[in-house]
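# Coordinates in review
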Amino acid sequence: MRNRLIIGGFYFTGLVLLSFGISMIITAGLGAGPWDALFVALSYNIGLTVGSWTFIVGFILILLNGLLLKQKPDFSALITMFVIGSLVDFWLLVVFADFTAAGLGSRLLILLTGILSGAAGISCYLQSDFARNPIDQSMMVFHQLTGKSLSFSKTFLEVAVLIVAFFIGGPIGVGTLLVAFGIGPLIQTFYKPVTALRTKVCGSPEINKQTA
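Calculation rules
- Residues numbered from 1 in each chain as written.
- Predicted model: local features only at pLDDT ≥ 70, side-chain atom pairs only at ≥ 80, totals over all residues.
- Heavy atoms only, no water.
- Axes fitted to C-alpha atoms, helices over the stretch in contact; angles between N-to-C directions.
- Helix = DSSP H or I, 4+ residues; strand = E, 2+ residues; numbered from the N terminus.
- Parallel < 35°, antiparallel > 145°, perpendicular 65-115°, else oblique.
- Left-handed = near helix turned anticlockwise from the far one by under 90°.
- Contact = heavy atoms within 4.5 Å.
- Nonpolar A, V, L, I, M, F, W, Y, C, P; charged D, E, K, R; others polar.
- Expected span 1.5 Å × (residues − 1).
- Buried < 20%, exposed > 50% of the residue type's maximum accessible area, 1.4 Å probe, protein only.
- Phe/Tyr/Trp six-rings, centres within 6.5 Å; stacked < 30°, edge-to-face > 60°.
- Lys NZ or Arg CZ within 6 Å of the ring centre and 35° of its normal.

## Points about the packing of helix α5 (residues 104–125) against helix α8 (residues 174–202)
Two elements in contact, α5 and α8, have axes whose closest approach is 8 Å; the angle formed by their N-to-C orientations is 40°. Taken together, the axes of α5 and α8 are oblique relative to one another. As α5 runs across α8, the sense of the crossing is right-handed. In this structure, α5 uses L111, L112, I115, L116, G118, A119, A120, I122, S123 and C124 to contact α8, whose residues at the interface are G175, L178, V179, I183, L186, I187, F190, Y191 and V194. Partitioning the contact of α5 with α8 into residue classes produces 16 nonpolar, three polar and no charged.

## As for helix α6 (residues 134–146)
Within an α-helix, residues lying three or four positions from one another point in the same direction, as the helix has 3.6 residues per turn. Between the first and last C-alpha of α6 there are 18 Å, a value that for 13 residues agrees with the 18 Å anticipated at 1.5 Å per step. Among the 13 residues in α6, ten count as buried, and that is most of the element. All of the buried residues along α6 are P134, I135, D136, Q137, S138, M139, M140, V141, F142 and H143. Check the buried side of α6 and you find it contacts α2 (34–46), α3 (50–69), α4 (77–95), α5, α7 (150–167) and α8. Just beyond α6, the residue with positive phi is G147, at close to 80°.

## A short note on the packing of aromatic side chains
Per the stated rule, a full pass over the model turns up eleven aromatic pairs. Their ring planes at 70° and their centres at 5.0 Å tell us that F20 and W91 sit as a pair that is edge-to-face. Here the residue F20 occupies a position in helix α1 (residues 2–28), and W91 occupies one in helix α4, the gap between them amounting to 71 residues. Residue F20 is classed as partly exposed on the basis of its relative accessible area of 24%. A relative accessible area of 16% means that W91 is categorised as buried. Here F166 and F167 contribute two aromatic rings whose centre-to-centre distance is 5.4 Å and whose plane-to-plane angle is 80°, an arrangement assigned as edge-to-face. Of the two residues, F166 and F167, both sit in the exposed class. Taking the ring centre of F152 as reference, the NZ or CZ of K148 above it sits at 5.5 Å.

As structure tokens, this is what we get:
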């Protein structure tokens with residue numbers, strides 16, 4: 001029970017950090033990450049909030065991930081998408097609603113903070129196999145099917161989504177490129193020390209040995 005609570009803490013902390021990072025990147029106004037640029041573009045073009053599109057696209061990915069692995073779709077992941085979508089809307093529509101970054105230096109700082117927070121968040125909640133974010137589950141599926149590293153898998157998928165976001169009018173900029181090419185290596189960098197911390201606290205082996 002103690003270990004489950006600790007891993008649950010990693011899971012929830014990861015979602016908070018990830019949603020905060022997403023919101024910071026969008027708020028910086030220098031281009032959103034590929035997936036978030038897609039969600040923002042859908043929000044602009046069709047309606048609904050960015051968080052709502054996070055949930056909808058997540059549902060589609062759950063079905064696709066299950067199909068690729070020839071497994072029953074992990075509908076528990078809808079919990080993760082609901083939490084992330086709700087937190088993103090909370091940060092964007094409540095906390096940062098009246099916030100405007102002044103100056104390029106400030107915007108770059110906000111952007112970099114968002115990228116680091118997002119990568120750390122992903123590394124934290126990957127410590128749990130429960131209700132994994134289907135976006136990052138797609139990274140794991142690609143990793144398992146191709147044998148490529150987490151860094152390559154994440155970067156490949158980010159670039160593919162970037163192309164789609166560009167063509168439907170998503171907010172593309174230097175921030176988009178930094179996220180597309182930087183977050184994969186950062187996840188790889190954060191994952192091992194976070195796993196070591198979780199192992200030290202829980203006294204349990206790695207959950208996702210293939211990511212080592």
